Amino acid sequence: MDPRSNPYSPGAGLRPTELAGRDDDIESFEILIDRAEAGRPTRSMIFTGLRGVGKTVLLQDLAGRAEQRGWITARVEADRGSGPTSFTDGLSRSLATSLRREQGRGATKGRLRSALRTVTSFSMSFNPDGAVSLGFDVDAAKGRADSGSLYADLTDLALDLGDAAVELDVGVAVFIDEMQDLTAEELSAVCRACHETGQRSVPWFVIGCGLPNLPGALAAAESYAERLFEYRVIDRLAKPAAHAALTNPAKFEGVDWEPDAAAYVVAQSAGYPYFIQQFGQSTWNDAAASPISRGDAERGVQVGFAQLDTGFFRARWDRATPSEREYLGAMAVDGDGPSASGEVARRIGKKPTSLGPTRANLINKGIVYAPEHGQIAFTVPGMSKFIERRTPEA
Ligand SMILES: Nc1ncnc2c1ncn2[C@@H]1O[C@H](COP(=O)(O)OP(=O)(O)OP(=O)(O)O)[C@@H](O)[C@H]1O
Ligand SMILES: [Mg+2]
């Protein structure tokens, strides 16, 4: 069928036609908004899951909801490779845009103006050149968010923005993607800001997404982090949701899936949203007409796996050095894992300590993560099968 009307969207952060199976997560966030607006205490939220389960698209959806409600928002993506000021810079710019939007709506209240001053001084204190480009005709606020210590300044920023939000009958929500890539200092500052605002019932919230090691990283940064956030796991979709994710986008285009064709793709995808999009896309392109048959689905899944092998999996494999690949191969013995680091070392015939740098490099490259102390696992589902499938020299 015509690829131009193909409704599937395998990719990073590409919004699916049908955001399936996330109603409970969306409802939890709506409850946060409603409670905050009613002045009731509520916790910030952390979503964790493997690569390709749909954390980014969920976060974007929630951010859109907060914006619709007129909230002051910021969207930031943590990035290990982009220098020490990337978090503070991204945060200041995104908050600035949101505050300008509030001003554009005619909000000129006193606290909004002082919040603008605090954002300016926060921005100046970490990115001396950045404040100018924020373009505010307001002076920096002396003594607010200008100590140069992120730990103290982020809390000032949170308190001042939260006060401005109260005056506008809204709240502040900061959405952080790839949050596991924040430094320990940044994580600790985020915790402190949430802790201080929570104690004073100031409506400032962080909605973070990250790999499954994020709760551990937060707990290592601040011991009370465990109680500070509502943690939710973003997982593969249960069968009915996976079915909806596959068949509804086609339905909008007037195309049906025969029941056993849909059941086959849902089973092969194991409910992973990225795989559903990939298999849906390749099956659609291969099928001649509606309804999509079981034969179409089988060919589509085959093409889909070939595309995952050359893209999704291959991209990670290609980033690994020969010794890192040896490490990944030793992990693959355990399927999707997790593996015990000591056991992986034993398989390779080396001491765990001598493999420390290899393991650390693989973690830095985002290919594996440590679910718990002494354990190691792949960040993408199906990586072990990919390693088994590929010919040794591919
Ligand atoms: N609930 C869903 N229903 C249907 N498709 C989805 C859903 N969530 C995500 N997808 C699709 O899955 C793919 C991956 O989504 P996304 O980029 O949000 O994952 P992610 O968890 O952020 O991955 P990464 O950890 O690599 O950043 C996209 O193609 C997206 O369209
Ligand atoms: Mg993402």
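Residues numbered from 1 in each chain as written. Chains lettered and ligands numbered in written order. Predicted model: local features only at pLDDT ≥ 70, side-chain atom pairs only at ≥ 80, totals over all residues. Heavy atoms only, no water.

Draft legend 1. Structural detail: the overall build of the protein chain. Counting secondary structure elements, the protein chain contains 17 helices and eight strands. Burial status across the protein chain gives 51% buried among its 394 residues. As displayed, the protein chain offers around 17,400 Å² of accessible surface, 49% of which is attributable to carbon and sulfur atoms. Of the charged side chains in the protein chain, 44 are positive and 52 negative; the average position of the first set lies 2 Å away from that of the second. (Helix = DSSP H or I, 4+ residues; strand = E, 2+ residues; numbered from the N terminus. Buried < 20%, exposed > 50% of the residue type's maximum accessible area, 1.4 Å probe, protein only. Areas by Shrake-Rupley, 256 points an atom, 1.4 Å probe, with all protein chains shown as cover. Lys, Arg positive; Asp, Glu negative; His and termini not counted. Charge placed at Lys NZ, Arg CZ, Asp CG, Glu CD.)

Draft legend 2. A look at the pairing of strand 4 (residues 204-210). Summarising burial for strand 4: seven of the seven residues are buried, a large majority. Judged by which residues are buried, strand 4 turns out to be covered on both faces: Trp204, Val206, Gly208 and Gly210 on one side and Phe205, Ile207 and Cys209 on the other are all buried. Pairing of strand 1 (residues 44-48) with strand 4, which is carried by four bridges, proceeds in the parallel orientation. Residue pairing for strand 4: isoleucine 46 is matched across the bridge by glycine 208. The pairing of strand 3 (residues 172-177) with strand 4 spans five bridges and is classified as parallel. Of the residues in strand 4, the one forming a bridge with isoleucine 176 is glycine 208. (Pairing = 2+ DSSP bridges.)

Draft legend 3. Local environment of the site of ligand 1. In the neighbourhood of ligand 1, 24 residues make up the surrounding shell, with Ser9, Gly13, Leu14, Lys55 and Thr56 lying closest. In this structure, an oxygen atom belonging to ligand 1 sits 3.1 Å away from a main-chain N or O atom of glycine 11. At 2.9 Å from a nitrogen atom of ligand 1 is found a side-chain nitrogen or oxygen belonging to glutamine 277. Summarising the interface, the protein chains cover 95% of the accessible area of ligand 1, which totals 640 Å² for the free molecule. At the level of elements, helix 2 (55-68) and helix 12 (273-286) are the ones that each hand at least two residues to the shell around ligand 1. When the residues that make up the shell around ligand 1 are grouped by side-chain class, the tally is 12 nonpolar, seven polar and five charged. Two domains each put at least three residues into the shell around ligand 1: domain 1 (3-12 + 237-316) and domain 2 (23-233). (Near = heavy atom within 4 Å. Polar contact = N/O pair within 3.5 Å; in protein donor to acceptor, adjacent residues only side chain to side chain. Nonpolar A, V, L, I, M, F, W, Y, C, P; charged D, E, K, R; others polar. Domains from an automatic or database assignment.)

Draft legend 4. Region of interest: unusual backbone geometry. The omega torsion across serine 290 and proline 291 is -5°, close enough to zero to call that bond cis. By secondary structure assignment, the location of proline 291 is in the loop between helix 12 and helix 13 (294-319). Residue proline 338 follows glycine 337 across a cis peptide bond; omega there is 5°. Considering the arrangement of structural elements, one finds proline 338 in the loop between helix 14 (322-332) and strand 6 (339-340). Here the phi dihedral of aspartate 169 falls at roughly 60°; this positive angle occurs in a residue that is not glycine. By secondary structure assignment, the location of aspartate 169 is in the loop between helix 6 (150-167) and strand 3.

Draft legend 5. Broad picture of the sheet that holds strand 8 (residues 375-378). Spatially, 6-8-7 is the arrangement adopted by the three strands of the open sheet, whose pairing is antiparallel. The open sheet has two edge strands with one neighbour each: strand 6 and strand 7 (368-369). Looking at chain direction, strand 7 and strand 8 are connected through two bridges and run antiparallel. Looking at strand 8, one finds that tyrosine 369 is bridged to alanine 377.

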